[in-house]
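Breakdown of the fold
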Amino acid sequence: MEVAPEWWRWATENLLRGVQEGQVSEQLQAAGVSSAQAKELIAAIVRSPIFVAARPFARAARRHELLVRLQQRMAQAALDPTGIPRRSGVSAAELRDVFVAGNTPVILTDVVTRWPAFGRWTPAYLSEHFGDVTVDVTTGRESDPDYDMHAARHTESTPLRDFVARVEAAGAETNDFYMVANNRVLERTRLGSLLNDVVLPDGYCAMQRLIGSSALWLGPAGTVTPLHYDTSNILFGQVYGRKRYRMIAPFETSLFEGARAMYAGRDPERDPMDPVLVKDVVLEPGEALFIPVGWWHHVRALDVSISLGINSFPFPNNFDWYRPSNIV
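The next point concerns the overall build of the protein chain. When helices and strands are tallied, the protein chain shows 8 helices and 12 strands. A compact globule built from 328 residues would reach a C-alpha radius of gyration of about 20 Å, whereas the protein chain, at 25 Å, exceeds it by more than 25%. Structurally, the protein chain occupies a C-alpha span of about 85 × 45 × 35 Å along its principal axes. Buried residues in the protein chain amount to 48% of all 328 residues. Accessible surface computed for the protein chain: about 16,400 Å², of which carbon and sulfur atoms make up 52%. Across the protein chain, the centroid of the 33 positively charged side chains sits 5 Å from that of the 38 negatively charged ones.

As structure tokens, then:
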């Protein structure tokens, strides 16, 4: 009898995964393939130039699978696997050598509290001092399930005073309007002068590049940034209000299935995430979260919120080549 194509595929996949030829032959025979046919089929597969070319790539993939499994097991071994450590007194050297080089998130409790912005930046302050500034904001988000991917479609201009009034009048939680990084208000308006209220420890950031490498976020309780990853490290300072972060390490490779661009196809607020390990923390006012490049993160504002994202680190911080979700 002829060997069905699905058995050719099955045998090829298992041989590429490193299963011994004898074991593959036994399974084929158990499925009704004769010993002679199984032997002939396996011989034809391993002689194929395509199989020979694919074998080193399959070997590399198996090694990476082992590395991923090791990282997952070690992450589960932490005393608090779903938490993120809170630290004070982290020097620039430690930030770089431990958390940047280690691709490890950390919450810094004594960085934002030193900013003149902390305690100064409130919705009322922004409205009083910058109310006449026309800013871009995103609106109509709740009408589009892909609102974050389509931010440009939802952009409108408004005086900051009017936007602040809308935020303060929202009352119940809403995700319909938000000032986000893509609005680039610090670069495009005199709101850039707000960065004079940001003072970072020596060596943390290249302050001369702050204006082009920072993003202001302002919105009501209930705004959500869907689960995604970025191609740079980010220091995210929470100046006003609280935000809840759900973070997932890059080695949780199952999230790449169904992802579009840098956005996951799963929602940690709605979908089962097991066995993916999710770190779940609330960032309090005055805290800063270091988000390592490649880490998935989902963000929900628990209050009216003002935040500042910074990625002007004094070392190479552009990893635009890191787009594993685009690999097909």
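What follows covers the pattern of salt bridges. A side chain with one charge can pair with a side chain of the opposite charge if their charged atoms come near. Scanning the model with the defined rule gives 19 salt bridges in all. Glu269 serves as the salt-bridge partner of Arg246, at 3.3 Å between the closest nitrogen and oxygen. Placement of Arg246 in strand 8 (residues 243-248) and of Glu269 in the loop between strand 8 and strand 9 (279-283) is noted, with a sequence separation of 23 residues between them. Here Arg246 falls in the buried class, since its relative accessible area comes to 9%. You can call Glu269 partly exposed: its relative accessible area is 33%. If you follow the salt bridges from partner to partner, you end up with Glu173, Arg244, Arg246, Glu269, Asp280 and Arg300 in one network.

With that out of the way, let us pick up helix 4 (residues 49-76). Taking 1.5 Å of rise per residue, 28 residues should cover 40 Å, and helix 4 covers 41 Å from first to last C-alpha, within 8% of that figure. Along helix 4, the helix axis deviates most sharply at Arg55, where the bend reaches about 35°; the proline Pro56 sits within four residues downstream. Looking at the packing, one finds that the buried side of helix 4 touches helix 1 (5-16) and helix 3 (35-47).

With that settled, the discussion passes to the packing of helix 3 against helix 4. One can describe the packing of helix 3 onto helix 4 by two numbers: an axis separation of 5 Å at closest approach and a directional angle of 65°. When the axes of helix 3 and helix 4 are compared, the pair comes out roughly perpendicular. Mapping the contact onto sequence places Ile45, Val46 and Arg47 in helix 3 and Pro49, Phe51 and Val52 in helix 4. Tallied by class, residues from the contact of helix 3 with helix 4 come to 5 nonpolar, no polar and 1 charged.

All right, on to the sheet that holds strand 2 (residues 106-108) then. Strand order in the open sheet made by the 6 strands is 1-2-10-7-12-5, with mixed pairing throughout. Either end of the sheet is taken by a strand with one partner, and the two such strands are strand 1 (86-87) and strand 5 (214-219). Both strand 7 (residues 234-240) and strand 12 (residues 305-310) contribute to a ladder of 5 bridges, which runs antiparallel. Counterpart to Gln238 in the pairing with strand 12 is Ser307.

Our focus in this paragraph is the nonpolar core. In this structure, Trp115 and Trp121 are the most contacted members of the largest nonpolar core, which totals 44 residues. When residues in this core are grouped by element, the largest group, 4 residues, is from helix 7 (residues 160-169). If we ignore the near neighbours within four places in the chain, the residues touching Trp115 are Asp197, Val198, Val199, Leu200, Gly237, Val239, Leu308 and Ile310. Grouped together as the second largest cluster of nonpolar side chains are 18 residues, Ile107, Trp217, Val281 and Ile291 included.

Moving on, we come to a nonpolar patch on the surface. Side chains of Leu67, Leu70 and Met74 sit close together on the surface and give an oily, nonpolar patch of about 310 Å² of accessible area. Position of Leu67 relative to the elements: it lies in helix 4.

What follows covers the side chain of His297. Summarising the element assignment, His297 is placed in strand 11 (residues 296-301). A polar atom in the side chain of His297 sits 2.9 Å from the backbone oxygen of Trp295. Sequence-distant contacts of His297, that is, excluding residues within four places in its chain, are made with Thr225, Pro226, Leu227, His228, Tyr229, Asp230, Arg246, Met247 and Ile291.

What follows concerns the pairing of strand 12. Among the 6 residues of strand 12, 6 are classified as buried, and the element is accordingly described as predominantly covered. Two strands pair when backbone bridges link them, and strand 5 and strand 12 are joined in this way by 6 bridges, in the antiparallel orientation. Across the sheet, the residue bridging to Ala215 is Gly309, located in strand 12.

This part is about the sheet that holds strand 11. Ordered by their spatial adjacency, 4 strands build an open sheet running 6-11-8-9, and the pairing between neighbours is antiparallel. The two strands at the open ends of the sheet, each matched to only one other strand, are strand 6 (224-228) and strand 9. In this sheet, adjacent strand axes meet at a mean angle of 15° when their direction is disregarded. Bridge count between strand 8 and strand 9: 5 bridges; the pairing is antiparallel. Opposite Tyr245, over in strand 9, you have Val281 as the bridge partner.

Cis geometry is adopted by the peptide bond preceding Pro275, which originates at Asp274 and carries an omega value of 5°. Here Pro275 lies in the loop between strand 8 and strand 9. Of note, Arg184 is a non-glycine position whose phi angle comes to about 50°, a positive value. Looking at where Arg184 falls in the secondary structure, it is placed in the loop between helix 7 and helix 8 (185-188). By relative accessible area, which is 39% here, Arg184 ends up partly exposed.

What counts, and at which threshold
Residues numbered from 1 in each chain as written. Predicted model: local features only at pLDDT ≥ 70, side-chain atom pairs only at ≥ 80, totals over all residues. Heavy atoms only, no water. Helix = DSSP H or I, 4+ residues; strand = E, 2+ residues; numbered from the N terminus. Rg over C-alpha atoms; globule rule 2.2 N^0.38 Å. Buried < 20%, exposed > 50% of the residue type's maximum accessible area, 1.4 Å probe, protein only. Areas by Shrake-Rupley, 256 points an atom, 1.4 Å probe, with all protein chains shown as cover. Lys, Arg positive; Asp, Glu negative; His and termini not counted. Charge placed at Lys NZ, Arg CZ, Asp CG, Glu CD. Salt bridge = Lys/Arg side-chain N within 4 Å of Asp/Glu carboxyl O. Expected span 1.5 Å × (residues − 1). Bend = angle between axes of the 7 residues up to and from the residue. Contact = heavy atoms within 4.5 Å. Axes fitted to C-alpha atoms, helices over the stretch in contact; angles between N-to-C directions. Parallel < 35°, antiparallel > 145°, perpendicular 65-115°, else oblique. Nonpolar A, V, L, I, M, F, W, Y, C, P; charged D, E, K, R; others polar. Pairing = 2+ DSSP bridges. Core = buried A, V, L, I, M, F, W, Y, C linked by side-chain atoms within 4.5 Å. Patch = residues over 30% accessible without salt bridge, like charges linked within 9 Å, V, L, I, M, F, W, Y side chains within 5 Å. Polar contact = N/O pair within 3.5 Å; in protein donor to acceptor, adjacent residues only side chain to side chain.

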